[in-house]
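Listed here are the chains, written in short residue letters.
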Amino acid sequence: MGKIHGDLSELVGNTPILDLRRIRAARRVLSRILVKIEYLNPAGSVKDRTAWSIIREAERSGQLKPGDLLVDITSGNTGIGLAAIAASRGYRTKFYLRDVISRDKINILRQFGAEVVLIENEKFLVPDALNDILQTIRNENPGAFFTDQRENPANPLIHLETTGPEIWRDTDGDVDILVGTVGTGGTISGAGRFLKQQKPGVHVVVAEPTPESVPTLDNPDAEAIEGVHKVTEVEESHLPGTYDSTVVDEVIAVTTAEAQKTALAVAREEGILVGTSSGAALAVALVLAARPENADKTIVVIVPDSGERYLSTLKTQG
Ligand SMILES: Cc1ncc(COP(=O)(O)O)c(C=O)c1O
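Residues numbered from 1 in each chain as written. Predicted model: local features only at pLDDT ≥ 70, side-chain atom pairs only at ≥ 80, totals over all residues. Heavy atoms only, no water.

A. Structural view of the sheet that holds strand β2 (residues 32–37). In spatial order, the strands read β1-β2-β10-β7-β8-β9; together these six strands make up an open sheet with mixed pairing. Looking along the sheet, the strands with just one partner apiece sit at the ends: β1 (17–19) and β9 (250–254). Within the sheet, the average angular offset between the axes of one strand and its neighbour, ignoring direction, is 25°. (Pairing = 2+ DSSP bridges. Helix = DSSP H or I, 4+ residues; strand = E, 2+ residues; numbered from the N terminus. Axes fitted to C-alpha atoms, helices over the stretch in contact; angles between N-to-C directions.)

Dropping the structure here:
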């Protein structure tokens, strides 16, 4: 039966899950490692879900009218999702990004018609920087709709409504461990909560950057994993409201180099080109899969975006 979609938002979600059989065989891994390939969303990342949910909820509550301006601060992917869905519904977009974000993401945003404002990365490194920058954004754009991905409940909600249920459906409930990274925490909090509601024993694990993989005032040139933050040793008041720490059972730290190495391995051994945050989550999945107690368990790893978004920033291709 034929099927033609009339609205871009209908293409969001229902991404496929792939079993990494060659990685498993080559490393004699005892657990089954499945990846949920979120770069197959229409604008290329897991953030298309968040973007659609934020716009849908704002439309439902009457906060948006045609031609309105949407603004946010983003590490790229949320902006790209918002820019694409906004373009398809007649809204304008403007995003504030750190100037270290990959050129690929900036060019994609502009291609969708978004206005891009780059902020020096150093400005983000001083204490309370985010609140000051958010205030500036609000002052500079009176009347704009601030999508607020770090606090907007529509963000984790869509993962509770779609990402989690899709994993449950496609694995027939055969899932023991969920691994993801945290930018806003929306994905892991929503999907993790849903899976725990179905099966309370599901172990939810976050891959976070090691301290030396996070730029600081003392180490501003540290190569970060784009879009991904540390959640341990961060004051509760500085964590995004969309991150629910009660859903998370364990946090494992990964260096940017390990994340890149793992991304390269899955490209070469499985034919899937993933971004660095996916590499971080996959590196953690391999750590979990090496634990004897996880033999024969199923690990689902969220692959947020594609390696194509970072090709211009790659220093080495091994
Ligand atoms: C590349 C990348 N990976 C992972 C994430 C994490 O997603 P979430 O914000 O749902 O925690 C983000 C978020 O910005 C991202 O940009």
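B. Summary view of helix α3 (residues 77–89). Between its terminal C-alpha atoms α3 stretches 18 Å, which fits the 18 Å expected from 13 residues at 1.5 Å a residue. Judged by how many residues are buried, α3 sits mostly within the fold: ten of 13 residues are covered. Looking at α3, one finds that the buried residues are N77, T78, G79, I80, G81, L82, A83, A84, I85 and A86. Of the surrounding secondary structure, the elements contacted by the buried residues of α3 are α2 (47–60), β3 (69–73), β4 (92–98) and α4 (103–111). Immediately beyond the C-terminal end of α3, within one or two residues, lies G90, with a positive phi of roughly 85°. (Expected span 1.5 Å × (residues − 1). Buried < 20%, exposed > 50% of the residue type's maximum accessible area, 1.4 Å probe, protein only. Contact = heavy atoms within 4.5 Å.)

C. Here's a closer look at the site of the ligand. Among the 16 residues in the neighbourhood of the ligand, the closest are listed as K47, T184, G185, T187 and S277. Within the contact set of the ligand, an oxygen atom lies 2.5 Å away from a side-chain nitrogen or oxygen of K47. Coverage of the ligand by the protein amounts to 98% of the 390 Å² it exposes when considered alone. Tallied by class, the residues present in the shell around the ligand amount to three nonpolar, ten polar and three charged. Looking at which domains feed residues into the shell around the ligand, each of domain 1 (8–43 + 155–310) and domain 2 (47–146) supplies at least three. (Near = heavy atom within 4 Å. Polar contact = N/O pair within 3.5 Å; in protein donor to acceptor, adjacent residues only side chain to side chain. Areas by Shrake-Rupley, 256 points an atom, 1.4 Å probe, with all protein chains shown as cover. Nonpolar A, V, L, I, M, F, W, Y, C, P; charged D, E, K, R; others polar. Domains from an automatic or database assignment.)

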